[in-house]
Amino acid sequence: LYTNLTHEFRTPLTIILGMVNQIRSEPKRYLDEGTRLIESNGKNLLRLINQLLDLSKLENKSFHLHLQQADIVPYLRYVTESFQTYANSRNLSLRFFSSQASLLMDFDEEQIKQVLTNLISNALKFTLSGGEVRVKLEIVKSANEDVPVSRLLIFVSDNGIGIAEKDLPHVFDRFYQVDGSHTREGEGTGIGLAHTQELVKIMGGEISVQSEVGKGSTFLISLPVTTNARISDRVIPGHPVTTPERTSEEPTSNASQTSDGAVLNASLPQLLIIEDNPDVVVYLKSCLEGLYQLDVAYNGKIGIDKALENIPDLIISDVMMPEKDGYQVCDALKNDERTSHIPIILLTAKADAASKIAGLRRGADAYLTKPFDKEELVVRLELLVERQKRMVAHFSKNLLGAPAAVYGETETEEVIRIEDVFMQKVRKIVAENYSDEDFALPQLCQKIGMSRSQLFRKMQAVSDTSPSDFIRSYRLNQAKILLGTTSMNVSEVAWKVGFKDPGHFSHLFQEEFGFPPSATNK
């Protein structure tokens, strides 16, 4: 219970406390956006607290429904359609069906909204892109002529990931998480379905679920139809007064506008943010804009793809995300020579030592717990940039030969040891092919298995040298050795090290060493 609840509270608290500090430091810049984020995340916390209080009231029998007689069909359609924008943003189809256009019955507007909201948001959350969520109403006719309709059936079905058979008996248990893995989307406390079941029970109804892993789930609510309450003077059929509040699973209105960071200065380090919560992304951007070129990936799989494609200088990754979690991001990128050099900060709501150790074992370079302090984040990033600079300086000094030993900086030593494997691989390929006049960047890329941009970004990050410059420097240094140890003339040496034009070779040699090839001491 404590683990689940604290996990749920940390993300909105990170945003609220962080934006307060941003507003204090630059009120004109962050007041509007900060106020919006604080308000929306405050509502999320309030919604969670209200659910807990409702459960408490339901336990001690002090919870009361506020029934009014109104047309429930257009109201349920309205609640469903309030998720349409969110469904579209996730490339999901959300559809509403009803066997009747209207049905007058007694219902508590707020509580039926809570029930349907929980079920729809769960269905959307666990359905992959391209999938479908359906809300369907069916009317069960009564055998009693005096009561034409006996029950309303509400089906909420999806073709998502489904629920394992062993979990089905427990899905309505309080604080039970069907998917306890790090890849489950959104944090959740496991009280949503328990709350839903309690509300359905107090309405005199029943709720059940059928599911199959990989094929989806269907939740069925069966409610008795009564017409005993006073007819509502507020709820006009088709035009409900209340507007369903935004749930924590729905992205904020500007989520689509935060997917690409503005490139303010091409000389700034490139930082990739891998985070599935749009509000956290907005807050991180407010902390880091102007200091880094920012790019965003909204799940771990996209983050890995972006990192491999663009080779950023730094990565901040959440731990709990859909598709791939932060640990898997670390595993994938730290074990790929294209991205093994990139420092990764894991950002998570899990504060326990075991989680930190798990992250560090996967190759994370730093671990920050939500809610994090802005200054700590900035300083951590600065230290990682400085560490990278020390690595670059080391390889720059030892570009063409085996690097000398480094002492006194354990972290830097480890980074150099790992990246030296890559640099030795580059040296070996160039050493085996430098005499071939046709050997150039395309051939090096092919032999090392990287694209031009990937190899360029990797070598720039590790040694501050482009692949073409490395090949040229290697050839010129070999030429210097040959000129000093053999009887070959300048033209012969130029051809030997892969230069077609001796004049061009002499010009580059003079640039590299400050004297012409003919002046090389034997």
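Up top is the structure.
This structure is a prediction, so every number in the text was calculated from the model and none was measured. (Residues numbered from 1 in each chain as written. Predicted model: local features only at pLDDT ≥ 70, side-chain atom pairs only at ≥ 80, totals over all residues. Heavy atoms only, no water.)

**Topic: the overall build of the protein**
Working step 1: Tallying secondary structure elements over the protein gives 17 helices and 12 strands in all.
Working step 2: Within the protein, residue pairs in contact and separated by at least 24 positions form 70% of the contacts whose partners lie at least 6 positions apart.
Working step 3: When the accessible surface of the protein is summed, it comes to about 24700 Å², and 51% of that surface belongs to carbon and sulfur atoms. (Helix = DSSP H or I, 4+ residues; strand = E, 2+ residues; numbered from the N terminus. Contact = heavy atoms within 4.5 Å. Areas by Shrake-Rupley, 256 points an atom, 1.4 Å probe, with all protein chains shown as cover.)

**Some remarks on the pattern of salt bridges**
Working step 1: Per the counting criterion, the structure on display carries 24 salt bridges.
Working step 2: Between lysine 306 and aspartate 295 there is a salt bridge, and its shortest N-O distance comes to 3.1 Å. Placement of the pair is lysine 306 in helix 8 (residues 300-310) and aspartate 295 in strand 9 (residues 293-297), with a sequence separation of 11 residues. In terms of burial, lysine 306 and aspartate 295 fall into one category: buried. (Salt bridge = Lys/Arg side-chain N within 4 Å of Asp/Glu carboxyl O. Buried < 20%, exposed > 50% of the residue type's maximum accessible area, 1.4 Å probe, protein only.)

**Overview of the sheet that holds strand 11 (residues 344-348)**
Across a sheet, paired strands are connected by hydrogen bonds in the backbone, their directions being either parallel or antiparallel.
Working step 1: Strand order in the open sheet made by the 5 strands is 9-8-10-11-12, with parallel pairing throughout. With one partner strand each, in any of the chains shown, strand 9 and strand 12 (366-369) form the two edges of the open sheet. For this sheet, the mean angle separating the axes of adjacent strands, direction not counted, is 20°.
Working step 2: Sheet topology note: the strand 10 (residues 314-318)/strand 11 ladder contains 4 bridges and is parallel. Its bridge partner being in strand 11, serine 317 is matched across the sheet by leucine 346. (Pairing = 2+ DSSP bridges. Axes fitted to C-alpha atoms, helices over the stretch in contact; angles between N-to-C directions.)

**Quick notes on the side chain of glutamine 22**
Working step 1: Mapped onto the fold, glutamine 22 is located in helix 1 (residues 2-25).
Working step 2: According to the relative accessible area criterion, glutamine 22 is buried, its value standing at 1%.
Working step 3: A distance of 2.9 Å separates a polar atom in the side chain of glutamine 22 from the backbone oxygen of serine 286.
Working step 4: Apart from residues no more than four positions distant in its own chain, glutamine 22 is found in contact with Pro27, Tyr30, Tyr283, Ser286, Cys287 and Lys374. (Polar contact = N/O pair within 3.5 Å; in protein donor to acceptor, adjacent residues only side chain to side chain.)

**Details of the nonpolar core**
Working step 1: Among the nonpolar cores identified, the biggest contains 42 residues, and Ile72, Leu76, Leu152 and Ile154 are the most heavily contacted of them.
Working step 2: A per-element tally of this core places helix 5 (residues 109-125) first, with 7 residues.
Working step 3: Once residues lying within four places of it in the same chain are set aside, the contact partners of isoleucine 72 are Leu103, Met105, Phe107, Ile112 and Leu152.
Working step 4: One finds Val426, Leu441, Leu444 and Tyr474 within the second-largest nonpolar core, a separate group that totals 34 residues. (Core = buried A, V, L, I, M, F, W, Y, C linked by side-chain atoms within 4.5 Å.)

**Let's talk about helix 8**
Working step 1: Within helix 8, the full set of buried residues consists of Gly300, Gly303, Ile304, Lys306, Ala307 and Leu308.
Working step 2: Structurally, helix 8 contributes buried residues whose contacts are with strand 8 (270-274), strand 9, strand 10, helix 9 (326-334) and helix 14 (452-463).
Working step 3: For helix 8, the N-terminal cap is asparagine 299; the gap from its side-chain oxygen to the backbone nitrogen of lysine 301 is 3.0 Å.
Working step 4: Just downstream of helix 8, isoleucine 311 is the residue with a positive phi angle, here 50°.

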